[in-house]
Amino acid sequence: MKVIAFLNNKGGVGKTTCSRLMAEYLSKVKRIPTLGIDFDPQCNFSHQYLSMEIDPAAPEGLMPPLHPDYNPHDPDDADWDGRSSIAEIFYGQGVIPYPTYVENLDFAPGHAERLLAAEAVRKSEVVDKVHRQLTGFLSSPDVCEAYQAVVIDTAPSKGPLTVSVMKAATHIVIPSVMEEQPVQGIYGMLQLWMQESLTREKSNPLTLIGILPNMFKQTRLHKDILKSLQDNAAIGKYILPIKLCQRIVFAEIDAEEATPRSIFDFPDHHVARCEALEVCEHLAERILNHG
Amino acid sequence: MAKKKRFGVSQALTRGLTETINVVENNAGIFRNTVLPLSRIELDPENPRKLAIDLLDIRQGIQATDPWVSQKQEELERLKELAATIASTGVINPIVVYKRGDIYRVVAGERRCLASVLAGKQEIDARVFNEKPKGFDLKLVQWVENTARDDLSLDERLDNIRDLIKEYCVQYGDVPITATLLKDITSLSLPQATYYLTVLNAPDDVKTLIKDGTLRSLDKAALIASITAPAVRQEAITACIEGYSLKQLRSIVTKNKILTTKKVIVPNVKRRGRTSTRVNMGYTANPKVVKQLIDAVLLQERYKKYVATFNSVNWDYLDQATKAFRQLIDILELEQVG
Ligand SMILES: Nc1ncnc2c1ncn2[C@@H]1O[C@H](COP(=O)(O)OP(=O)(O)O)[C@@H](O)[C@H]1O
Ligand SMILES: [Mg+2]
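Sequence order as written defines residue numbering, which begins from 1 separately in each chain. Naming scheme: in the order in which they are written, chains are lettered from A and ligands are numbered from 1. With pLDDT at 70 or above as the cut-off, local features in this predicted model cover only qualifying residues; side-chain atom pairs require 80 or more to be listed or tallied, and sums for whole chains, interfaces and linings still use all residues. Processing note: side-chain calculations cover all non-hydrogen atoms of the structure and skip hydrogens and water entirely.

1. Looking at the overall build of chain B
- Numbering of helices and strands runs from the N terminus; a helix is a DSSP stretch of H or I covering at least four residues, while a strand is a stretch of E covering at least two. Helix and strand counts for chain B stand at 15 helices and five strands.
- For every residue, the accessible area obtained with a 1.4 Å probe (protein chains only) is divided by the maximum for its type, and the residue is called buried under 20%, exposed over 50%, and partly exposed between those limits. Split into buried and exposed, the 338 residues of chain B put 40% on the buried side.
- In chain B, of all internal contacts separated by at least 6 residues, the share reaching a separation of at least 24 is 65%.
- All accessible areas in this document rest on Shrake-Rupley with a 1.4 Å probe, and a residue is counted as covered only by the protein chains that are shown. Of the roughly 20,400 Å² of accessible surface on chain B, 53% is carried by carbon and sulfur atoms. The criterion used for residue contact is that any of the two residues' heavy atoms lie within 4.5 Å.

The following block contains the structure:
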């Protein structure tokens, strides 16, 4: 099972957009049984596939809707409130993924309050536990049997949630806008990548597929920063040869009422679809064929 | 016309990115940082440290019949202090081990292992190498670890350096070890590296005193080792044993004026048969002495013509006196005094 995560501790660089493209590409285009996981308390990724609800316990936060399999009259469900988020892993409960409108794509949504609680943990023994939960969940036989690929969206942070994703992933991608602040976010992620890489067995590396330029514009700023990264001997080889340009469609498909909802349902020659396809094909090639 | 502005990533950020990537590329898969059960750890009998106490002594207690019982008791007392800090805060640096079948053998950090067991810990933070580090790398890791410790004797430190140099030569060929090279491979300071080399090449009397623990400080040992005249060296040794400070020892050397310069680290023996090619005229801190000598020479008939040469010398200045003295020597050589 391949576990791919999109990370950058700066917000608004395209983590959620890329997670979405990749999840839909693998499930819809490649027909691979895929699990999407939302590890960001903001729950943007979840909201693409499920009608997230306002959490009465934390009015600013979202929580998953009732699960379609939940039956309040079934005695088996007596101890269940009918909702299941990925945050259950921190509370010793099972996670029951939701089906989505995308073929072959299941989803484990976020739950703002519970993810924030895990993120806020500071005591070293507890942090350790948080770090290990996602790896534990993804290596459970049920999950391994049901899915061949997992796509994880992450919070813009370097905290326990992000570290758990680093520990659970087989491949990571760092989307970034070619501007100073997001590039600083690349540095934060590379440091976590370094720490995690130095705990791994040789047979189980954490592969950094690379840095994916996003929202690229043909401006001097973007071109110069991209070039200065490409020209650097060490960093250059991690700058992916593909990129996503700044295109309004990528933002428009976020809307619930958008039609079609998936970029891969756009006409074959649509420029945004072609670009998304090229990016996802490249990433998938690296993930599926090169270990 | 103004040039178009070029954008880029700041130098500091570029350096950070580069360094981070290099660390991963150079190290990932070679070792990993993890937590190991202490029950799976064994000490390395080839470690240059000379602790008598071992894991068995900690686990089962020191046997009364053990020939090393008193030394082990002493070591145990010292380990207890470390165990107390480990009990409260854990080990600060991970130990370094390599995998040997099911067991992990300690490359660096035996005291931390022993003290952790003593503190009742079950696990320890470790850096695990997949295979035994090569000779030189192994010694280097041990050296780096050992430099952080303050309970190593000078003798043990010298042993470590000697091993390190030996392994370096095995791995990289028989190159002459200079202070600069030693500095580069150990990241010691240049003066420290120079001291170590001087002491490694010390005359036998100095070596004996280091071995038996009489001479314990590196800088004092280096100072004494660099004294070539046996009598003066003996004087310095005696003073050192009596507890003279480094400064006081230096003044003994200055008094005898035979402190050799840094580049003369050639061992004594080699100098013995060499024929001298010139006379050392000695030193003085008093420029008036030079004036007196020159005056005495100029009194002689054949040197009267040189009086003017020395008219403008200000005898309060050492450098002017030195220059004048050199001129005097030149003159004397020129006139072939016999
Ligand atoms: N290539 C792109 N072109 C146009 N808009 C984009 C592009 N990538 C992302 N966006 C938009 O930018 C905003 C931030 O992107 P998002 O993926 O949510 O970033 P993150 O998850 O890193 O915070 C969203 O509104 C998204 O729709
Ligand atoms: Mg996001």
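2. Some points on the overall build of chain A
- Of regular secondary structure, chain A possesses eleven helices and nine strands.
- Buried positions account for 56% of the 291 residues belonging to chain A.

3. Observations regarding the pairing of strand 4 (residues 58–63) of chain A
Residue and element names in this part refer to chain A.
- We call two strands paired when DSSP finds no fewer than two bridges between them. Sheet topology note: the strand 3 (residues 53–55)/strand 4 ladder contains three bridges and is antiparallel. Paired with E53 across the bridge in strand 4 is M63.
- Taking the residues that link successive antiparallel strands as the turn, the strand 3-strand 4 hairpin has two residues.

4. A word on the interface of chain B and chain A
- Counting from both sides, the interface comprises 25 residues of chain B and, opposite them, 26 residues of chain A.
- Interface of chain B and chain A: buried area, both sides summed, is about 2,400 Å²; carbon and sulfur atoms make up 68% of it.
- On the chain B side of the contact with chain A, B:F7, B:L17 and B:I21 bury the most area, a combined 24% of that side's loss.
- The term salt bridge refers to a side-chain nitrogen of Lys or Arg lying within 4 Å of a carboxyl oxygen of Asp or Glu. On the surface where chain B and chain A come into contact, there are three salt bridges. Two parts placed together each lose some accessible area under a 1.4 Å probe, and the buried area is that loss summed for both.

5. A few points about unusual backbone geometry
Residues and elements named next belong to chain A.
- The step from T259 to P260 runs through a cis peptide bond, and the omega angle for that step is -10 degrees.
- Position of P260 among the secondary structure elements: in the loop between helix 10 (248–252) and helix 11 (271–289).
- Phi is positive for C43, which is not a glycine, with a value near 60 degrees.
- Along the chain, the position of C43 falls in the loop between strand 2 (34–39) and helix 2 (44–49).

6. Digging into the packing of helix 3 (residues 112–119) of chain A against helix 6 (residues 160–168) of chain A
All names here are of chain A.
- In this description, a line fitted to the C-alpha atoms serves as the axis of each element, helices being fitted only across the stretch in contact, and the angle between N-to-C directions of two axes falls anywhere from 0 to 180 degrees. Close contact between helix 3 and helix 6 brings their axes to 7 Å; oriented N to C, the two are set at 85 degrees. The orientation of helix 3 with respect to helix 6, classified from their angle, is roughly perpendicular. Touching L115, A118 and E119 of helix 3 are P160, L161 and T162, all from helix 6.
- The class makeup of the residues in the contact of helix 3 with helix 6 is four nonpolar, one polar and one charged. Angle categories are assigned with fixed cut-offs, so that under 35 degrees is roughly parallel, over 145 is roughly antiparallel, 65 to 115 is roughly perpendicular, and the rest are oblique. For this classification, the nonpolar set comprises Ala, Val, Leu, Ile, Met, Phe, Trp, Tyr, Cys and Pro, the charged set comprises Asp, Glu, Lys and Arg, and every other residue, Gly included, is treated as polar.

7. Examining the side chain of A:D55
Residue and element names in this part refer to chain A.
- Locating D55 in the fold gives a position in strand 3.
- R114 is the oppositely charged side chain nearest to the buried, salt-bridge-free D55, at an N-O distance of 6.5 Å.
- Identification of polar contacts relies on pairs of N or O atoms within 3.5 Å, with a donor-acceptor requirement for protein atoms, meaning one able to donate a hydrogen and the other able to accept it, and with residues adjacent in sequence counted only if both atoms are side-chain atoms. There is a polar contact of 2.9 Å between the side chain of D55 and the backbone nitrogen of A57.
- In this view, D55 contacts G61, L62, M63, H111 and E113; residues no more than four positions away in its chain are not counted. Under the convention used here, Asp and Glu are negative, Lys and Arg are positive, and both His and the chain ends fall outside the count.

8. A few points about the sheet that holds strand 3 (residues 95–100) of chain B
Residues and elements named next belong to chain B.
- If you walk across this open sheet you meet the five strands as 1-5-3-4-2, and the pairing is mixed. Of all the strands in the sheet, the pair left with one neighbour each is strand 1 (31–37) and strand 2 (41–42).
- Relative to strand 4 (residues 103–108), strand 3 is paired through five bridges, and the arrangement is antiparallel. The residue bridging Y98 from the neighbouring strand is R105, located in strand 4.
- The sheet contacts of helix 4 (residues 110–118) involve strand 2, strand 3, strand 4 and strand 5 (123–129), and relative to strand 4 the element is tilted by about 125 degrees.

9. Re the nonpolar core
Residues and elements named next belong to chain A.
- Note on terminology: a nonpolar core comprises buried Ala, Val, Leu, Ile, Met, Phe, Trp, Tyr and Cys residues joined through side-chain atoms within 4.5 Å. If you look at the biggest cluster of nonpolar residues, it comprises 66 residues, and the most contacted ones within it are I37 and L134.
- Take this core: its biggest share by element is seven residues, from helix 7 (residues 180–197).
- Aside from chain neighbours lying at most four places away, what touches I37 is F45, I86, F107, A108, L134, F137, L138, V150, V151, I152 and D153.

10. Some thoughts on the confidence of the model for chain B
All names here are of chain B.
- Residue-level confidence of the predictor, termed pLDDT, takes values from 0 up to 100. Counting all residues, the mean pLDDT for chain B is 82, and 88% of those residues have values of 70 or more.
- Here helix 13 (residues 268–271) stands out as the least confident element of chain B, with mean pLDDT 42; strand 2 is the most confident, with 92.
- Taken over the whole predicted complex, pTM reads 0.69, whereas the ipTM for its chain interfaces reads 0.89.

11. Focus on the pattern of salt bridges
- All told, the structure shown has 30 salt bridges over all chains when counted by the stated rule.
- Here A:R31 makes a salt bridge to A:E103, at a shortest N to O gap of 3.1 Å. Here A:E103 lies in the loop between strand 5 (98–99) and strand 6 (105–108) and A:R31 lies in the loop between helix 1 (15–29) and strand 2, a separation of 72 residues in the sequence.
- Overall, A:E103 belongs to the partly exposed group, its relative accessible area being 49%.
- For A:E88, the salt bridge identified is with A:R114, shortest N-O distance 2.9 Å. Of this pair, A:E88 sits in the loop between strand 4 and strand 5 while A:R114 is found in helix 3, placing the two residues 26 residues apart along the sequence.
- One salt-bridge network, held together by shared partners, links B:E42, B:D44, B:R100 and B:R105.

12. Here's the deal with the packing of aromatic side chains
- Here a pair means two rings of Phe, Tyr or Trp (six-membered ring of Trp) with centres within 6.5 Å. Their orientation is stacked below 30 degrees between planes, edge-to-face above 60, and tilted elsewhere. Enumeration according to the criterion identifies eleven aromatic pairs over all chains in this entry.
- Judged by centre distance (5.8 Å) and plane angle (75 degrees), the rings of A:F45 and A:Y49 are edge-to-face. Separated by four residues within a single helix, A:F45 and A:Y49 lie in helix 2, roughly one turn from each other.
- On the basis of an interplanar angle of 50 degrees and a centroid distance of 5.5 Å, the ring pair of B:F31 and B:F129 is categorised as tilted. In this pair, B:F31 is assigned in strand 1 and B:F129 in strand 5, connecting sequence segments 98 residues apart. Both residues of the pair, B:F31 and B:F129, belong to the buried class.
- These aromatic residues form a ring-pair network of at least three members: A:F45, A:Y49, A:Y101 and A:F107.
- Two conditions define a charge sitting above a ring: the NZ of Lys or the CZ of Arg must be within 6 Å of the ring centre, and it must be within 35 degrees of the ring normal. Its end group placed over the ring of A:Y91, A:R114 keeps NZ or CZ at 5.6 Å from the ring centre.

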